Amino acid sequence: MKQAIDKIQSEAEIAINASSNTRELTEVRVRFLGKNGEITAIMKNLGSVPKEEKPAMGKMLNEVRVAIEQMLESKEKTLAEAEKKARLLAEDIDVTLPSPKSEHLGTVHPLTIVKNEIIDIFLGFGFNVAEGPEIETDMFNFQLLNVPKDHPARDMQDTFYVNDNIVLRTHTSPMQARIMTSQQPPIRVVVPGKVYRSDDDASHSPIFHQVEGLAVGKDITLGDLQGVLTAFAEKLFAEDVKTRFRPSYFPFTEPSVEMDVSCTICHGKGCRVCKGTGWLEVLGAGVVNPVVLDMCGIDSKVYSGFAFGIGVERIAMLKYGVPNIKMFYENDLRFLKQFK
Ligand code: PHE
């Protein structure tokens, strides 16, 4: 019996050392220590051992059982650690690796790109940003901007009337009145937003976007307007772009101007885009009409200001050479993907 026990111990030792993973080790444990295992089987044989040898054999068996148990435990620890290490290594993710190329990555819409560029430039000049309602009262959209009811200047803009007193705003200028009726100078603000006019052709859409600008303070002149808008054009188009200001008419500015920039395509020589003139019209502007200041509660004897309205679509068409305004709204991916 002693021989049999020694044999089990050495076999167990070999089997434990040969186990290369915890699953194999568990099999070894079952084979030797399990309910139908070899140690258990020998224990059952203890009955046939002569009485005087029994205690010694029992002791020996017990020692071997404990020894096997210890070997199993220490091997188990080593294997479990190795397996954990291997698993962590296999699951290792490099979070700095670039992700696989996706066919469906979105891009920023060209109108948003241009709008953000315009806003960024004016933020750099110290302007704030404000937004206002697209459904507007006749009061803010027209009357406080010096366009009384039944005034012929209403025909300048084809208006969508909701009812007699409510319109879809035809420009972002009502925000001039909203801001001036709610705060005193100094005011420096730009207002991006959607505007609506009953107008529809290759360069007009019933919904389009403007960025309004307003500066009110002491001693602000037409010269300030020209300086600020020329600096704006140089940043938006090119350092060497030229600007010119033509007299124009808006009820809420006096004097009123329209700003042209030298053609971004032919640089002033004359081409199809600028229709041979060398110039492109980009915005309307002017010195805030003192009548408007006073109506909005700002003393025109103390303060003056300038205002401008930039058409976002118009700028984007010029900047990117887009021939038809509708291309901005069709969401054709072949078009949109060109603005990465
Ligand atoms: N609101 C005018 C328009 O939509 C543009 C403008 C804004 C002109 C501010 C002068 C001052 O045509």
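Residues numbered from 1 in each chain as written. Predicted model: local features only at pLDDT ≥ 70, side-chain atom pairs only at ≥ 80, totals over all residues. Heavy atoms only, no water.

A. Structural view of the site of the ligand. Taken together, 15 residues surround the ligand, and among them His171, Ser173, Arg197, Gln210 and Glu212 come closest. One of the side-chain N or O atoms of Arg197 is found 2.8 Å from an oxygen atom in the ligand. At 3.0 Å from an oxygen atom of the ligand is found a side-chain nitrogen or oxygen belonging to Gln210. Taken atom by atom, the bulk of the ligand overlaps the largest pocket. Within the residue set of the shell around the ligand, elements represented by two or more residues are strand 5 (207–217), strand 8 (279–288) and strand 9 (304–311). The dominant element in the shell around the ligand, judged by the number of residues it contributes, is strand 9, at 3 residues. Per-class residue counts for the shell around the ligand are 5 nonpolar, 8 polar and 2 charged. (Near = heavy atom within 4 Å. Polar contact = N/O pair within 3.5 Å; in protein donor to acceptor, adjacent residues only side chain to side chain. 1 Å grid on protein atoms, 1.4 Å probe; cavity = no way out; pocket = protein on both sides within 12 Å on 5 of 7 lines; lining within 4 Å. Sits in = over half its atoms within 2 Å of the grid points. Helix = DSSP H or I, 4+ residues; strand = E, 2+ residues; numbered from the N terminus. Nonpolar A, V, L, I, M, F, W, Y, C, P; charged D, E, K, R; others polar.)

B. Focus on the domain arrangement of the protein. Partitioning the protein into structural domains gives domain 1 (2–90) and domain 2 (110–339). If you average the C-alpha positions of domain 1 and of domain 2, the two centres end up 88 Å apart. (Domains from an automatic or database assignment.)

C. Expanded view of the pairing of strand 6 (residues 243–250). Here strand 6 runs beside strand 7 (residues 253–262); their pairing, made up of 7 bridges, is antiparallel. Opposite Phe250, over in strand 7, you have Thr253 as the bridge partner. Counting the residues between successive antiparallel strands, the hairpin from strand 6 to strand 7 contains 2 residues. (Pairing = 2+ DSSP bridges.)

D. Representation of the side chain of Thr230. Examined against the element boundaries, Thr230 turns out to sit in helix 8 (residues 222–236). Here Thr230 falls in the buried class, since its relative accessible area comes to 19%. With near-sequence residues (within four places) excluded, Thr230 lies in contact with Thr243 and Phe245. (Buried < 20%, exposed > 50% of the residue type's maximum accessible area, 1.4 Å probe, protein only. Contact = heavy atoms within 4.5 Å.)

E. Quick peek at the layout of surface pockets. Of the volumes computed, that of the largest pocket is approximately 1400 Å³. Around the largest pocket, the lining comprises 50 residues; the ones closest to its centre are Ser203, His204, Glu281, Val282 and Arg314. With 8 residues, strand 8 is the single largest residue contributor to the lining of the largest pocket. Its residues placed into classes, the lining of the largest pocket shows 22 nonpolar, 16 polar and 12 charged. In this model, the second largest pocket occupies a volume close to 240 Å³. Lys115, Pro192, Gly193, Lys194 and His209 are, among the 15 residues lining the second largest pocket, the residues nearest its centre. Contributions of two or more residues to the lining of the second largest pocket are made by helix 5 (110–124) and strand 4 (187–196). Residues that form the lining of the second largest pocket fall into these classes: 5 nonpolar, 5 polar and 5 charged. (Points joined across faces, edges and corners; volume = space filled by probe spheres on them.)

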